[in-house]
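The lines below spell out each chain.
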Amino acid sequence: MATIRVLIAKPGLDGHDRGAKVIARALRDAGMEVIYTGLRQTPEQIVEAALQEDVNALGLSCLSGAHNHLFPRVVELLREQGAADILVFGGGVIPQEDIPDLKAAGVVEIFTPGTSTVDVVEFLNKHVNVK
Amino acid sequence: MSMSNNKEQQTPESLAERIIGGDRRALARAITLLENGAPQANRIVSLLHQNADLNKARFIGITGPPGAGKSTLSNALVTCLRKRGEKAALILVDPASPLTGGAILGDRLRLPGHSGDDGVFIRSMSNRGHLGGLSPTTAGVATLMQAAGFKRVIIETVGTGQAETEIAGLADTVVLVLVPGLGDDIQLMKAGIMEIADVFAVNKSDRDGAALLASELKMSQTVSSSDGFTPEVILTSALSGDGVDSLLDAIDRHYAHLEQSGLIKVTRKKRIQTQLNGALQGLFRNALAGIASEDLSQVNCQLEQCILDPYSAAETLWNLIIANGKGGK
Ligand SMILES: Nc1nc2c(ncn2[C@@H]2O[C@H](COP(=O)(O)OP(=O)(O)O)[C@@H](O)[C@H]2O)c(=O)[nH]1
Ligand SMILES: [Mg+2]
């Protein structure tokens with residue numbers, strides 16, 4: 001009866017949340033509980049929400065180009081809070097060459113434009129283990 | 001504050017102790033355990049009942065139709081409470097998809113401003129298919145928050161139609177949020193939801209028709225309830241914050257009325273019943289989940305082939321549950 005809970009957040013200053021909403025709906029349709037926190041959240045706000053909501057996974061969407069700073073910052077804050085068990089994944093307009101560094105920083109997967117939502121669902125079902 | 005996640009600190013005893021100490025991660029984790037019907041969850045809540053002061057907290061219910069501004073108003077109330085130096089926890093309930101059981105919990109969108117404030121704790125919940133406006137574990141979650149030191153727990157129900165009145169069994173004060181332009185007043189008067197309001201908030205007072213709706217509501221109250229209490233009608237603009245202080249004052253006046261009239265005892269009895277119902281439903285769900293999958297699929301198979309009717313099938317499953325219980329797993 002455990003349900004996968006996912007926070008979908010948009011750090012950064014861009015105002016485009018279509019992609020984030022598409023993902024949110026796909027995850028809901030896969031039976032997950034999706035907490036959607038909206039635009040222009042700071043890493044601190046995102047991490048605090050993730051802890052209060054006790055989510056299993058945290059999806060970050062960023063189109064402003066600031067992902068190289070924002071995504072690792074979120075991972076770092078989670079680790080500081082002893083919440084490294086929350087799985088972080090990302091999406092948005094992210095150049096291929098940035099992906100290795102983001103993964104090295106602890107972002108487990110990056111979904112670039114054109115990814116099927118089915119892949120995201122599969123990824124979460126595979127990596128999140130709800131007891 | 002230690003945030004370690006190791007198993008030792010996840011025992012009911014240690015979680016309960018950490019919750020009473022105000023540890024937010026322990027609170028968050030215990031809520032999840034309760035929602036998921038984990039075996040240790042009931043034990044945690046019992047321990048809190050034994051060891052925490054659970055009488056002082058006030059539960060405020062915020063209910064009303066979708067889009068009336070419940071979340072925005074909850075946010076404004078929290079801001080107001082914080083200015084008065086009070087801590088507040090919030091439970092935001094949204095409906096699950098009946099098809100998939102999944103849910104999008106979007107109320108946090110309206111509560112962006114309390115980050116970094118230890119006096120505020122916000123949790124979104126799916127109703128997990130439960131009808132009535134809450135989820136089966138909402139009452140338990142409110143208890144956990146109370147034990148963590150939140151003397152005010154604000155509970156936003158799912159957007160209600162006419163019958164989602166369960167909040168009346170949990171909250172001390174129910175605020176019904178209405179807005180102009182949502183249907184004629186006859187419709188309003190028919191709705192069961194009208195009867196559970198202790199305070200009316202006519203929100204979006206910045207819009208045409210709000211003042212009119214407020215005066216119509218007041219006029220409809222020529223007959224007051226048997227205890228002589230007439231719910232106040234307060235105009236609010238949750239967006240600008242106008243009227244929210246008055247709303248909080250009206251909520252407190254209602255609570256004072258409960259205390260002075262002795263009705264608080266009735267409210268608390270109802271709350272206990274609501275908690276009992278929630279706990280029983282949880283046990284029942286677990287009992288159902290405890291039926292061996294072969295047994296379950298056999299019953300389902302017989303149902304599909306019309307060898308069993310639904311009533312006999314229910315009897316069969318019930319007997320399996322009882323046998324499981326006697327087996328003393
Ligand atoms: N004009 C106006 N809009 C409001 C007010 N309160 C809420 N809203 C808007 O109404 C919409 C629904 O608000 P929300 O709080 O999500 O409603 P809920 O579904 O009842 O929780 C949002 O776009 C809010 O910004 C208000 O006092 N005045
Ligand atoms: Mg809402």
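Residues numbered from 1 in each chain as written. Chains lettered and ligands numbered in written order. Predicted model: local features only at pLDDT ≥ 70, side-chain atom pairs only at ≥ 80, totals over all residues. Heavy atoms only, no water.

> Which residues make up the overall build of chain B, and what are the values?
Check the secondary structure of chain B and you find 12 helices and 8 strands. Counting across all 329 residues of chain B, residues that qualify as buried make up 50%. For chain B, contacts bridging at least 24 residues in sequence account for 74% of all contacts bridging at least 6. Here chain B has roughly 15,400 Å² of accessible surface; of this, 55% comes from carbon and sulfur atoms. (Helix = DSSP H or I, 4+ residues; strand = E, 2+ residues; numbered from the N terminus. Buried < 20%, exposed > 50% of the residue type's maximum accessible area, 1.4 Å probe, protein only. Contact = heavy atoms within 4.5 Å. Areas by Shrake-Rupley, 256 points an atom, 1.4 Å probe, with all protein chains shown as cover.)

> Mind laying out the overall build of chain A, listing which residues take part and the relevant values?
Secondary structure assignment for chain A yields 5 helices and 5 strands. When the helices and strands of chain A are read in sequence order from the N terminus, they spell out β-α-β-α-β-α-β-α-β-α. Against the globule reference of 14 Å for 131 residues, chain A gives a C-alpha radius of gyration of 13 Å, in line with a compact fold. Expressed as a percentage of its 131 residues, the buried residues of chain A come to 55%. Once local pairs closer than 6 in sequence are excluded, the contacts in chain A between residues at least 24 apart make up 70%. Of the roughly 5,600 Å² that chain A leaves accessible, carbon and sulfur atoms contribute 51%. On chain A, the mean spot of the 12 positive side-chain charges and the mean spot of the 17 negative ones are 5 Å from each other. (Rg over C-alpha atoms; globule rule 2.2 N^0.38 Å. Lys, Arg positive; Asp, Glu negative; His and termini not counted. Charge placed at Lys NZ, Arg CZ, Asp CG, Glu CD.)

> Account for helix 2 (residues 24–35) of chain B, naming residues and giving values.
The end-to-end C-alpha distance of helix 2 of chain B is 17 Å, a good match for the 16 Å that 12 residues give at a rise of 1.5 Å each. Of all 12 residues that make up helix 2 of chain B, 12 are buried, and the element is covered over most of its length. On its buried face, helix 2 of chain B sits against strand 1 (5–9) and helix 2 (43–53) of chain A together with helix 1 (12–20), helix 3 (39–51), strand 4 (120–126) and helix 5 (138–147) of chain B. Looking at where helix 2 of chain B begins, the residue whose side-chain oxygen comes 2.9 Å from the main-chain nitrogen of R25 of chain B is D23 of chain B. G37 of chain B, located one to two residues past helix 2 of chain B, shows a positive phi value of around 65 degrees. (Expected span 1.5 Å × (residues − 1). Polar contact = N/O pair within 3.5 Å; in protein donor to acceptor, adjacent residues only side chain to side chain.)

> Talk me through the side chain of S61 of chain A; I want residue IDs and the actual numbers.
Residue and element names in this part refer to chain A. Relative to the helices and strands, S61 resides in strand 3 (residues 57–62). On the basis of relative accessibility, which here comes to 10%, the residue S61 falls in the buried class. In contact with S61, other than residues within four places in its own chain, are A9, K10, P11, A20 and G91.

> Lay out the coordination of the magnesium ion (ligand 2) with the relevant residues and their values.
For a metal bound by four donors in a tetrahedral arrangement, the ideal donor-metal-donor angle is 109.5 degrees, while six donors in an octahedral arrangement ideally sit at 90 or 180 degrees. Residue and element names in this part refer to chain B. Taken together, the protein donors to the magnesium ion (ligand 2) comprise S71 (OG), D107 (OD) and E156 (OE), at separations of 2.2 Å. We note that the donor set of the magnesium ion (ligand 2) lies within a single chain, spaced as S-x35-D-x48-E. In this pair, S71 sits in helix 4 (residues 70–83) while E156 sits in strand 5 (residues 152–156), placing the two residues 85 residues apart along the sequence. Each member of the pair, S71 as well as E156, is classed as buried. (Donors = N, O, S within 2.8 Å, 3.2 Å for Na, K, Ca; no water.)

> Which residues make up the site of ligand 1, and what are the values?
All names here are of chain B. As a matter of local geometry, ligand 1 sits amid 17 residues, with K70, T72, R110, D206 and A238 nearest to it. At 3.1 Å from a nitrogen atom of ligand 1 is found a side-chain nitrogen or oxygen belonging to N203. In this structure, L239 approaches ligand 1 through a main-chain N or O atom, which is 3.5 Å from an oxygen atom. Here ligand 1, which alone exposes 580 Å², has 81% of that area covered by the protein. Among the elements that line the shell around ligand 1, the one with the most residues is helix 4, at 3 residues. Of the residues that constitute the shell around ligand 1, the class distribution is 5 nonpolar, 6 polar and 6 charged. (Near = heavy atom within 4 Å. Nonpolar A, V, L, I, M, F, W, Y, C, P; charged D, E, K, R; others polar.)

> Explain the sheet that holds strand 5 of chain B to me, using residue names and the numbers behind them.
All names here are of chain B. Sheet architecture is open: 7 strands sit in the order 4-2-5-1-6-7-8, paired in parallel fashion. At either margin of the open sheet sits one strand with a lone partner, and together these are strand 4 and strand 8 (232–235). Put simply, the sheet's adjacent strands are angled 20 degrees from each other on average, direction ignored. Judged from the 4 bridges that link them, strand 6 (residues 173–178) and strand 7 (residues 199–202) form a sheet pairing that is parallel. If you follow L178 over to strand 7, its bridge partner there is V202. Of the strands in this sheet, strand 1 (58–63), strand 2 (88–94), strand 4 and strand 5 touch helix 5, which is tilted by about 165 degrees from strand 2. (Pairing = 2+ DSSP bridges. Axes fitted to C-alpha atoms, helices over the stretch in contact; angles between N-to-C directions.)

> Pulling in residues and values, what's your account of the domain arrangement of chain B?
All names here are of chain B. In terms of domain boundaries, chain B breaks down into domain 1 (1–51), domain 2 (53–261) and domain 3 (275–325). Each of domain 2 and domain 3 was reduced to a C-alpha centroid, and the two centroids are 36 Å apart. Applying the counting rule to domain 2 against domain 3 returns 1 residue pair in polar contact (both at pLDDT 80 or more). Across the side of domain 2 that touches domain 3, the residue classes tally to 2 nonpolar, 3 polar and no charged. (Domains from an automatic or database assignment.)

> Could you give an account of the sheet that holds strand 3 of chain A, with specific residues and numbers?
Spatial strand order, 5(A)-4(A)-3(A)-1(A)-2(A)-3(B): 6 strands in an open sheet with parallel pairing. Looking at the sheet topology across the chains shown, the edges are occupied by strand 5 (109–111) of chain A together with strand 3 (103–105) of chain B. For this sheet the average axis-to-axis angle between neighbouring strands, irrespective of direction, equals 25 degrees. Bridge count between strand 4 (residues 87–92) of chain A and strand 5 of chain A: 3 bridges; the pairing is parallel. Opposite F89 of chain A, over in strand 5 of chain A, you have E109 of chain A as the bridge partner. The sheet strands contacting helix 1 (residues 18–29) of chain A are strand 1, strand 2 (33–36) and strand 3 of chain A together with strand 3 of chain B, and the helix crosses strand 2 of chain A at an angle near 155 degrees. Across the sheet, helix 2 of chain A touches strand 1, strand 2 and strand 3 of chain A, and the angle it forms with strand 1 of chain A is around 165 degrees.

> Explain the packing of helix 2 of chain A against helix 2 of chain B residue by residue, including any values.
In helix packing, the relevant descriptors are the interaxial angle and the interaxial distance, both defined with respect to the helix axes. Two elements in contact, helix 2 of chain A and helix 2 of chain B, have axes separated by 7 Å at closest approach and are oriented at 50 degrees. In terms of orientation, helix 2 of chain A and helix 2 of chain B fall into the oblique class. Contact residues: E48, L51 and Q52 of chain A in helix 2 of chain A; R24, R25 and A28 of chain B in helix 2 of chain B. Along the lines of polarity and charge, the residues of the contact of helix 2 of chain A with helix 2 of chain B split into 2 nonpolar, 1 polar and 3 charged. (Parallel < 35°, antiparallel > 145°, perpendicular 65-115°, else oblique.)

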